[in-house]
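# Structural features, examined
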Amino acid sequence: MKINILSPEVYNRIAAGEVVDRPYSVVKELVENAIDAGADAITIEIEGGGKKRVRVADNGSGIPKEELRAAYHPHATSKLSSAEDLFSVRTLGFRGEALASIASVSRMSICSKTADGEAWELKAEGGVLGEIVPSASADGTTVTVDDLFFNTPARLKFLKSDAQEEGDVSAMAARFILSRPHISFTYRINGKVRYRSFGDGLESALINVYGPSIVQNCYEISAEKNGIRLYGFIGNQNFAKPNRSYQTLFVNGRYVVNQTVSAAIANAYGNYLMKRQFAFYVLFLDIAPEAVDVNVHPNKTDVRFRDNQVVYGNVYSIISSVLDGNSRALEYVVSRGTSSAEQESAAPAPGENAPAGQENAAAPQERGSFSIGQGGSAAPGRKAPPMRQMTAEEARRELAFDVTPMGIRRDPFPAPEVMEVRSPRVPPQEDAFEENRRLLREAEEKRGREKLDPQALVYKGELFRTYLIYEAGDTAYLIDQHAAHERMLYDKLQEKMENGTINVQPLLVPYICNANAQEFAFLQRSFGALRALGFEIEEFGGTSVKVSALPAELTGMDIGAFFSEVLSSMETLRAIKLGELLRDKLAGMACKAAVKGGERLTEEEARALVRAMDGDMGLRCPHGRPVCARLTRAELEKLFKRTV
Ligand code: ADP
Ligand code: MG
């Protein structure tokens, strides 16, 4: 196909944007080109998180020799020639700027062969083209991008660590596998295969990415309503995920994060999921191209629907019919018969990824255990979902608090205050900062003021089986026994960690955490911190990790809940010091072991608790709540109007 140089009148009407900012966006552009070229086998390889090398090879149409130069030209595209075409875009790319902008910031080579031509290669360095030279290759195109941003150090500096970039590329690769289940993909990281799909259908693709147990936890749906086709897999009522990274939506084959659709789905799941739980889905929404505007976002990760209300209403109604088990559901759920037949033919090769038999986190549900009127295994008599459909405006308002523009929910937990309180123990890293030293000094002084001689505290009893009362001089102290105990456990744990005397308790049955690519990259980076805490944790094939021992202090903790919580804070943890926060999470777990409010302590236990606190009344529990409240004689007298 002829590559056209777009006229300014055309390209100026296309939303301009920086196409390439990170390795994953390079991968995205190259794979989209391969798909547009009609390939049915695509290999993605990265090295050094994609900073060192990204290579995408396809068996598509190839680029004829005489078009090779044009491919590097900005605004050169074979996919669009006039402004009218803009309204019926069906290919993934159409701006003609990806190759040009990648080439200008890397060392790029395109090697290509059409069915009726020879293989030719053209290299560029920092956008400067070389000569076209003969090459040798099978039909199709291989694009290699080395040393991304080698000539733009400022942009290089903005890249994340190799592991983080790799995680994001992997998430992108997973999306492609899911979005094009009939293309076979091979994805290699530093020479090792991470994903391999076989191009034999969605269920197989899903298994390749999420492991074989995933289908047991999902409904496969296929529905058509008012010009909208919605199909794919949605998690059942009990299959909750700790963050949004398990939500994948393709609109007309294009991966998007769209608030209208995600709000519709979230509301359909509303009654089944708790706070901070998120639905799992891999959904395809097909709609007439005229009803969407793909040109809304420079990086093309959102679409604008001509009519948000129609999309919202239909998606909501389809998903909630399935979950609630109303009479429409039979129409929408793909029956067990067909899908299990597909399943047999789609069985993945054992090995590399899709590790078998790992799901012991959640008991797998019978697939297709769906029946009308029962709503799966939801609690009986639960509240019916609202019949009235939310308007797009309402959805937007609701989401405004919940979703950042990236579509990722930020962890609502603020950074724990304990980090501040404990800071005197940690010497400031940059001694040069006088400001820092002053703050530390003040914190230390404040602590000193709040410190009492434990001997001086006289135990006076308890209130509501939760608060212990002590008297010292003219002040009464109320201590939250639970918060105090939690803090004590935390300190003990911290001390043991500092001395390297943590006891490790092997698990009878190792815990397997099946993570997705982003979560896996995050966990990998956390291995050091987790091991320091006494976890025995290692990779377990694909994107799974195995935990075979725990710190003895936490024997009996809900390890699934722990990991789910760690993963749910993934986004925030990136920014905060991981070790500190993990310790805090652990302390939270330790709090399960701590005395609960409502348990009566003996007088001796109550005394022991303040001794353990060493009379420090300024303590906070590891979640930042105060351990102690005080009431002075003067305050009491005011209360009784003895003084004013
Ligand atoms: P766009 O995809 O928006 O057209 P690109 O800069 O990504 O712009 O690519 C420019 C042109 O190069 C494409 O229009 C296409 O003709 C050609 N091209 C790029 N990659 C491939 C490929 N893998 N196979 C065949 N042709 C390709
Ligand atoms: Mg392109």
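Note that the coordinates shown come from a computational prediction; the quantities given were computed from them, not determined experimentally.

### What about the overall build of the chain?
- Secondary structure summary: the chain contains 21 helices and 26 strands in total.
- The buried share of the chain, reckoned over its 644 residues, is 49%.
- Residue pairs in contact within the chain that sit at least 24 positions apart in sequence constitute 72% of those at least 6 positions apart.
- For the chain, the computed accessible surface area is about 30200 Å², with 53% contributed by carbon and sulfur atoms.

### Structural notes on the sheet that holds strand β2 (residues 41-47)
- The mixed open sheet is built from eight strands, whose spatial order is β7-β6-β5-β8-β3-β2-β9-β10. Each having just a single partner strand, β7 (128-134) and β10 (192-196) make up the two edges of the open sheet. Adjacent strand axes in the sheet meet at a mean angle of 15°, parallel and antiparallel pairs treated alike.
- Relative to β10, strand β9 (residues 184-189) runs antiparallel, the two being bridged by four bridges. Counterpart to Thr186 in the pairing with β10 is Arg196.

### Side note on the side chain of Thr141
- Inspection of the secondary structure puts Thr141 in strand β8 (residues 140-146).
- Since its relative accessible area comes to 8%, Thr141 is described here as buried.
- Reaching out from Thr141, the side chain makes a polar contact with the side chain of Ser112 at a distance of 2.8 Å.
- In this view, Thr141 contacts Val56, Ala57, Asp58, Gly62, Ile63, Ile110, Cys111 and Ser112; residues no more than four positions away in its chain are not counted.

### Some details on the pattern of salt bridges
- Enumeration according to the criterion identifies 13 salt bridges in this entry.
- The shortest N-O distance in the salt bridge between Asp168 and Arg22 comes to 2.6 Å. Taken as a pair, Asp168 in helix α6 (residues 162-179) and Arg22 in the loop between α1 (8-11) and α2 (23-36) lie far apart in primary sequence, 146 residues in all.
- Here the salt bridges do not stand alone but share partners, grouping Arg22, Glu165 and Asp168 into one network.

### Details of unusual backbone geometry
- For Asn226, which is not a glycine, the phi torsion comes out positive at approximately 45°.
- Relative to the helices and strands, Asn226 resides in the loop between β11 (218-225) and β12 (228-235).

### Comments concerning the environment of Lys51
- Looking at where Lys51 falls in the secondary structure, it is placed in the loop between β2 and β3 (53-58).
- Once the C-alpha coordinates of Lys51 and Glu165 are considered, the two residues, 114 residues apart in sequence, prove to be 8.2 Å apart.
- Apart from the residues lying within four places of it in its own chain, the contact partners of Lys51 are Pro23, Asp147, Leu148, Leu159, Lys160, Ser161, Asp162 and Glu165.

### As for the pairing of strand β14 (residues 247-251)
- Of all five residues in β14, five are buried, a share of seventy percent or more.
- Where burial is concerned, the two faces of β14 agree: the one with Gln247, Leu249 and Val251 and the one with Thr248 and Phe250 are both buried.
- The sheet contact formed by β14 and strand β17 (residues 281-286) spans five bridges and is parallel. Bridged to Thr248 within β17 is Val282.
- Bridge analysis of β14 against strand β15 (residues 254-255) gives two bridges, and the strand direction is antiparallel. The residue bridging Phe250 from the neighbouring strand is Tyr255, located in β15.
- Where β14 folds back onto β15 in an antiparallel hairpin, the turn is made up of two residues, including Asn252, whose phi is positive at roughly 50°.

### Describing helix α8 (residues 259-268)
- Of all ten residues in α8, eight are buried, a share of seventy percent or more.
- All of the buried residues along α8 are Thr260, Val261, Ser262, Ala263, Ala264, Ile265, Asn267 and Ala268.
- Capping the start of α8 is the job of one residue whose side-chain oxygen sits 3.0 Å from the backbone nitrogen of Thr260: Asn258.

### Overview of the packing of aromatic side chains
- Applying the stated rule across the entire model yields 13 aromatic pairs.
- Ring geometry for Tyr210 against Phe280: centres 5.0 Å apart, planes inclined by 75°, an arrangement best described as edge-to-face. Of the two residues, Tyr210 sits in helix α7 (residues 202-210) while Phe280 sits in the loop between β16 (278-279) and β17, which places them 70 residues apart along the sequence. You'll find Tyr210 and Phe280 in the same group, each marked buried.
- Taking the centre distance of 6.2 Å and the plane angle of 5° together, the rings of Tyr312 and Tyr316 count as stacked. One end of the pair, Tyr312, and the other, Tyr316, are both in helix α9 (residues 308-324), four residues apart, so they sit about a helical turn from each other.
- For Tyr312, a relative accessible area of 1% puts it in the buried group.
- Three or more aromatic residues joined by ring pairs form one cluster here, namely Tyr210, Phe239, Tyr246 and Phe280.
- Over the ring of Tyr231 we find Arg229, and its NZ or CZ is 4.2 Å from the ring centre.

### Side note on the sheet that holds β11
- Strand order across the open sheet formed by five strands is β11-β12-β17-β14-β15, with mixed pairing between neighbours. Pairing within the sheet leaves two strands with one partner each, and these edge strands are β11 and β15.
- Sitting on the sheet, α6 is in contact with β14, β15 and β17, with an inclination near 55° to β14.
- Across the sheet, α9 is in contact with β11, β12 and β17; its angle to β12 comes to roughly 40°.

### Section: the environment of Ser262
- Note that Ser262 resides in helix α8.
- Given the relative accessible area of 16%, Ser262 is considered buried.
- Expressed as a C-alpha distance, the spacing of Ser262 and Ala279, which sit 17 residues apart in the sequence, is 9.7 Å.
- A polar contact of 3.5 Å, which involves the side chain of Ser262, links it to the backbone oxygen of Gln259.

### So, the confidence of the model for the chain
- The predicted model of the chain averages 75 in pLDDT, with 68% of residues at 70 or higher.
- Looking over the chain, one finds the lowest element-wise mean pLDDT in helix α13 (residues 418-421), namely 28, and the highest in β3, namely 98.
- Here residues 9-18 is a poorly scored stretch, pLDDT under 50, and it has 23 contacts once near neighbours within four places are set aside; other chains count.
- Scored below 50 in pLDDT, residues 336-433 shows 160 contacts in the model against residues more than four places distant or in partner chains.

### What about the packing of α8 against α9?
- As a packed pair, α8 and α9 sit with axes 8 Å apart at the nearest point and diverge in direction by 30°. Classified by the angle between their axes, α8 and α9 sit roughly parallel to one another. By crossing handedness, the relation of α8 to α9 is classed as right-handed. Together, Thr260, Val261, Ala263, Ala264, Ile265, Asn267 and Ala268 of α8 and Asn308, Val311, Tyr312, Val315, Tyr316, Ile319, Ser320 and Leu323 of α9 make up the contact between the two elements.
- A per-class count over the contact of α8 with α9 returns eleven nonpolar, four polar and no charged.

Cut-off values and rules
- Residues numbered from 1 in each chain as written.
- Chains lettered and ligands numbered in written order.
- Predicted model: local features only at pLDDT ≥ 70, side-chain atom pairs only at ≥ 80, totals over all residues.
- Heavy atoms only, no water.
- Helix = DSSP H or I, 4+ residues; strand = E, 2+ residues; numbered from the N terminus.
- Buried < 20%, exposed > 50% of the residue type's maximum accessible area, 1.4 Å probe, protein only.
- Contact = heavy atoms within 4.5 Å.
- Areas by Shrake-Rupley, 256 points an atom, 1.4 Å probe, with all protein chains shown as cover.
- Pairing = 2+ DSSP bridges.
- Axes fitted to C-alpha atoms, helices over the stretch in contact; angles between N-to-C directions.
- Polar contact = N/O pair within 3.5 Å; in protein donor to acceptor, adjacent residues only side chain to side chain.
- Salt bridge = Lys/Arg side-chain N within 4 Å of Asp/Glu carboxyl O.
- Phe/Tyr/Trp six-rings, centres within 6.5 Å; stacked < 30°, edge-to-face > 60°.
- Lys NZ or Arg CZ within 6 Å of the ring centre and 35° of its normal.
- pLDDT = per-residue confidence, 0-100.
- Parallel < 35°, antiparallel > 145°, perpendicular 65-115°, else oblique.
- Left-handed = near helix turned anticlockwise from the far one by under 90°.
- Nonpolar A, V, L, I, M, F, W, Y, C, P; charged D, E, K, R; others polar.

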